[in-house]
Amino acid sequence: MSMTTRRHFLRGLSALAAAGCASAVQSAAPIPAGVPLPTPGFRYRLTRDWGPRPTRVIPEVRPAVVGTAHAPDPQALDPARLVREAVEQAGGLERAVRPGDRVVIKLNLVSAMPSGTGVTTDARVAEAVARLVLDAGARQVIFAEGSASAPGPPVSGYRPEATQLAFERCGIRDLARRLDAGLLDLNDAGHEAGGRTLVREVHLPHGLQRKTYWFSKAFLDADRVISVPVLKNHEYTGVTMALKNWIGVAPAGIYHPPGARTGKWGLDHQMIPLARHIVDLVTARPPDYVVMDALVGINSGVRAYPFRPGPGGPMRAVLAGPDPVALDAIGCLVMTYDPATIGHLVFAEGVGLGVADPARIAVRGAGIEPFRQEYSTPVNGMYVPGRWRKGS
């Protein structure tokens, strides 16, 4: 595939507009200086045609309910209260957590960025979720992540200690001490380099991209798994929320190619293959519940620095519910993106992981209008989400 340059990408956008897609891309914000150019070899396009729907493999139907909570006054922001309100509006945790359960809380600690930046799960949100889980009778809480990179010097990139650095700098190690909770590095595949003692292979007869994947045994053996992502847009997937959070469960001990800068590049990061990988990983072990940290809401993608919230500033919101696809679909609407243009949502609904059609999702609590913003498209000159319009 030929190299993609900014000029080629802009020409591609012009071609899309000529084809009738201008309404979805014409409001794209200019790309500021310092934002990374599109990754060479990667081409993204606005599409709502993802081909034939995959075979439904998950018969269970979860309530497509999303609870929302919002703090209008930034001076009165109380993340713990927002978490409680969003969970209550979605029906509570009683069906998701049983007394005696060992519960893994999968955070988004992609890199060792401090709590409160919006790039990683806010430690206050993580604590509020853990306390609700313990109040529901869980015998043990374990915070888990498989970070993709670590800060330099000389430059940021994957190192085996990436997750441990993230636990430390994101405030999760201290939180685990205070709650007597565990920490699980999902990147570890074995006690020695090249080992497989800490992972188990899972076979997916109907896998969309692969038929087998490796996962942490401790992750697979948990009684319950709760996803606690952050709301962000993303260069390679359009958005990163509950479903994309599962890239972090792929062990870098297996999926990190030698010489790659970040930790999961053994998974194909092209547009459609990556969407399929995400759905495969979630299908192997879906989350039992989702609490989404939208206290900030990142609008600059995950490679630009400094990271920026949307045009309206930090969202000061939390979303929660049992259906990860519904959470992500409503999260798209929060960013004014059309869920039908996000490949992993379309494929996830197809295999039965949840509901991606906003018309079939009940949103309770504060709704989304108090904090909805119009996010950039394309994302850092790469992925091109379509625009969602109210009533469409």
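Residues numbered from 1 in each chain as written. Predicted model: local features only at pLDDT ≥ 70, side-chain atom pairs only at ≥ 80, totals over all residues. Heavy atoms only, no water.

Asks: For this particular structure, what's the right way to read the packing of helix H2 (residues 79-89) against helix H3 (residues 123-135)?
Replies: Packed helices, taken two at a time, are described by their axes: the angle between them and the distance between them. Where H2 contacts H3, the axes come no closer than 8 Å and their chain directions differ by 50°. When the axis of H2 is compared with that of H3, the two are oblique. Along this stretch, H2 crosses H3, giving a crossing that reads as right-handed. Here Pro79, Ala80, Val83, Arg84 and Val87 of H2 come into contact with H3, specifically with Arg124, Val125, Ala128, Val129 and Leu132. (Axes fitted to C-alpha atoms, helices over the stretch in contact; angles between N-to-C directions. Helix = DSSP H or I, 4+ residues; strand = E, 2+ residues; numbered from the N terminus. Parallel < 35°, antiparallel > 145°, perpendicular 65-115°, else oblique. Left-handed = near helix turned anticlockwise from the far one by under 90°. Contact = heavy atoms within 4.5 Å.)

Asks: How do you make sense of the pattern of salt bridges when you look at a structure like this?
Replies: Any two side chains of opposite charge can pair, so long as their charged atoms come close to each other. For the structure shown, the criterion picks out 17 salt bridges. Between aspartate 338 and arginine 48 there is a salt bridge, and its shortest N-O distance comes to 2.8 Å. Of this pair, aspartate 338 sits in the loop between helix H9 (324-334) and helix H10 (343-351) while arginine 48 sits in the loop between helix H1 (6-25) and strand E1 (65-70); the two residues are 290 residues apart in sequence, bridging distant segments of the chain. Arginine 48 gets classed as partly exposed once you look at its relative accessible area, which sits at 46%. Shared partners join several salt bridges into a network, and the residues in it are Glu127, Arg131, Asp174 and Arg178. (Salt bridge = Lys/Arg side-chain N within 4 Å of Asp/Glu carboxyl O. Buried < 20%, exposed > 50% of the residue type's maximum accessible area, 1.4 Å probe, protein only.)

Asks: Please clarify how the nonpolar core should be interpreted in this entry.
Replies: Note on soluble globular proteins: their nonpolar side chains tend to be buried together. In terms of nonpolar packing, the biggest core is built from 71 residues, with Phe215, Phe219, Leu231, Met315, Leu319, Leu353 and Ile361 touching the most fellow members. Counting only elements with at least two residues in this core, the list comes to strand E3 (140-145), strand E6 (212-216), helix H6 (217-220), helix H8 (271-284), strand E10 (289-298), strand E11 (317-321), H9 and H10. Broken down by element, this core gets its largest block of residues, eight residues, from H9. Look past the residues within four positions of leucine 353 in its chain and what remains in contact with it is Ile58, Val279, Val282, Thr283, Pro286, Asp323, Pro324, Val325 and Ala348. (Core = buried A, V, L, I, M, F, W, Y, C linked by side-chain atoms within 4.5 Å.)

Asks: Just checking my understanding: could you explain the packing of H9 against H10 for this structure?
Replies: Between H9 and H10, whose axes approach to 10 Å, the crossing angle comes to 150°. If you check the angle between H9 and H10, you find them roughly antiparallel. Classified by chirality, the crossing of H10 by H9 is left-handed. Together, Val325, Asp328, Ala329 and Cys332 of H9 and His344, Leu345, Ala348 and Glu349 of H10 make up the contact between the two elements. Among the residues making up the contact of H9 with H10, the classes are represented as five nonpolar, one polar and two charged. (Nonpolar A, V, L, I, M, F, W, Y, C, P; charged D, E, K, R; others polar.)

Asks: I'm lost on the environment of glycine 157 in this one. Help?
Replies: Residue position: glycine 157 is located in the loop between E3 and helix H4 (162-169). Judged by relative accessible area, which is 12%, glycine 157 ranks as buried. Note: C-alpha distance between glycine 157 and threonine 262 (105 residues apart in sequence) is 5.4 Å. When near neighbours in sequence (up to four residues on either side) are disregarded, glycine 157 contacts Ser149, Ala150 and Arg261.

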